[in-house]
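Chains, contacts and geometry: an overview
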Amino acid sequence: MTRPDVGSRQTFDTSSPCEAVLLDLDGTLVLSEDVHRRAWQAFFDTWGVEVTDADYEQRYMGRRPSDIITGVPGPWTGTDPAAALATMTAFTLEHADSVKVVRGAAALIRQLRIKYPLAVVTSAGAQWAQHLLEDVLGVRHLVDFVITSEEITCGKPSPEGYLRACAALRARPEHCLAFEDSPSGIQALTAAGVRDIVGVTTTADAADLTRAGARWTVPDLTPRHLLHVRRSINAEQTARESNDKKAKT
């Protein structure tokens, strides 16, 4: 996909020139955490394992299933990870039709794509990502790169996925704007060097996202909730331009 026309109308300015926008998928663009929770519960049931909501949020939520299956101790430890992952994927796809869109998500992608190249970085697999971006959101053709679990060695909070996206977009992390919903995802962004991070409070509260490194938090992606983000970015841009003028005089 070609890069957008740099002469197009600008929708967001960052404190330093924005080169690209990075987006998480589950929880940020779609409300799918309930689907993943039910899929994991079905997976746990097959192994006779009880996992509390608190333990799920701490050890499972927002992480790649492959990392969990190979890294979190359980009765699946030592078994065929590919078979366990296939079972988990089947459980997830079984509930795919119940996914809902975060308010304003599709419109925001269409707006941002006027000016910026976009990448989606997800802990999910390619089949799930394709379904959400194409069938649920209808924006797959607007996204330049999709980094899925199959393409990285270490999942979030590792910065690998976001660094790979920045490289693909030829963008410097410190000059990117990002949207994430989980502390682990925001930690991945900060580790990658991204500073302008919007935390979406669909799966974690604002305090947790701020502690992880989010500069702003919003309940959804509608224009009225992003207004304070836009105003903050524009104020920083104005101040930067003013300082540049003073430095030249």
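To start, this report covers the structure provided alongside it. (Residues numbered from 1 in each chain as written. Predicted model: local features only at pLDDT ≥ 70, side-chain atom pairs only at ≥ 80, totals over all residues. Heavy atoms only, no water.)

Some points on the nonpolar core
Judged by nonpolar contacts, the single largest core of 38 residues is most densely connected at L29, L137, F179 and L221. For this core, the element with the most residues is helix α5 (residues 105-112), which contributes five residues. If we skip the residues at most four places from it in the chain, L221 touches T28, L29, V102, R103, G104, A105, L108, F179, V200 and L226. In this structure, L189, A204, L209 and A214 belong to the second largest nonpolar core, which totals 23 residues. (Core = buried A, V, L, I, M, F, W, Y, C linked by side-chain atoms within 4.5 Å. Buried < 20%, exposed > 50% of the residue type's maximum accessible area, 1.4 Å probe, protein only. Helix = DSSP H or I, 4+ residues; strand = E, 2+ residues; numbered from the N terminus. Contact = heavy atoms within 4.5 Å.)

Here we look at the sheet that holds strand β6 (residues 176-180)
Ordered by their spatial adjacency, six strands build an open sheet running β5-β4-β1-β6-β7-β8, and the pairing between neighbours is parallel. The sheet is open, and its two borders are formed by β5 (145-147) and β8 (216-218), each paired with just one other strand. Pairwise comparison of adjacent strand axes, ignoring direction, gives a mean angle of 20° for this sheet. Here strand β4 (residues 118-121) pairs with β5 via three bridges, running parallel. Within β5, the position partnered with V120 by the bridge is V146. The strands touched by helix α7 (residues 160-169) are β1 (20-23), β4, β5 and β6; relative to β1, the strand with the most contacts, the crossing angle is about 150°. Running at roughly 160° to β8, helix α10 (residues 223-248) makes contact with β6, β7 (196-200) and β8 of the sheet. (Pairing = 2+ DSSP bridges. Axes fitted to C-alpha atoms, helices over the stretch in contact; angles between N-to-C directions.)

Points about the environment of S184
Secondary-structure assignment places S184 in helix α8 (residues 183-192). The class for S184 is buried, based on a relative accessible area of 13%. Residues S184 and L209, 25 residues apart in the sequence, show an inter-C-alpha distance of 9.1 Å. Dropping the residues within four chain positions of it, S184 is found in contact with G62, K156 and P157. A polar contact of 3.3 Å, which involves the side chain of S184, links it to the side chain of S182. (Polar contact = N/O pair within 3.5 Å; in protein donor to acceptor, adjacent residues only side chain to side chain.)

Quick look at the pattern of salt bridges
Scanning the model with the defined rule gives 13 salt bridges in all. Residue K156 pairs with D24 through a salt bridge whose shortest N-O separation is 2.8 Å. With a gap of 132 residues between them, K156 in the loop between β5 and α7 and D24 in the loop between β1 and β2 (30-31) connect regions that are remote in the sequence. Look at the salt bridges and you will find they share partners, linking D24, K156 and E180 into a network. (Salt bridge = Lys/Arg side-chain N within 4 Å of Asp/Glu carboxyl O.)

So, the packing of aromatic side chains
The way to describe two aromatic rings as a pair is by their centre distance and the angle between their planes. Counting across every chain of the model gives 10 aromatic pairs. Ring centres of F44 and Y60 lie 5.0 Å apart, and the angle between their planes is 70°; this geometry places the pair in the edge-to-face category. With F44 in helix α1 (residues 33-47) and Y60 in the loop between α2 (53-59) and α3 (65-71), the pair connects residues that are 16 residues apart, well separated along the chain. An identical accessibility class is assigned to F44 and Y60; each is buried. Among the aromatic side chains, those forming a connected cluster through ring pairs are W40, F43, F44, W47, Y56, Y60 and W76. Lying across the ring of Y56, R37 places its NZ or CZ 4.4 Å from the centre. (Phe/Tyr/Trp six-rings, centres within 6.5 Å; stacked < 30°, edge-to-face > 60°. Lys NZ or Arg CZ within 6 Å of the ring centre and 35° of its normal.)

Comments concerning unusual backbone geometry
In this chain, K156 is followed by P157 through a cis amide linkage whose omega measures 15°. On the secondary structure map, P157 appears in the loop between β5 and α7. Phi is positive for R170, which is not a glycine, with a value near 55°. In this fold, R170 is placed in the loop between α7 and β6. For R170, a relative accessible area of 62% corresponds to the exposed category.

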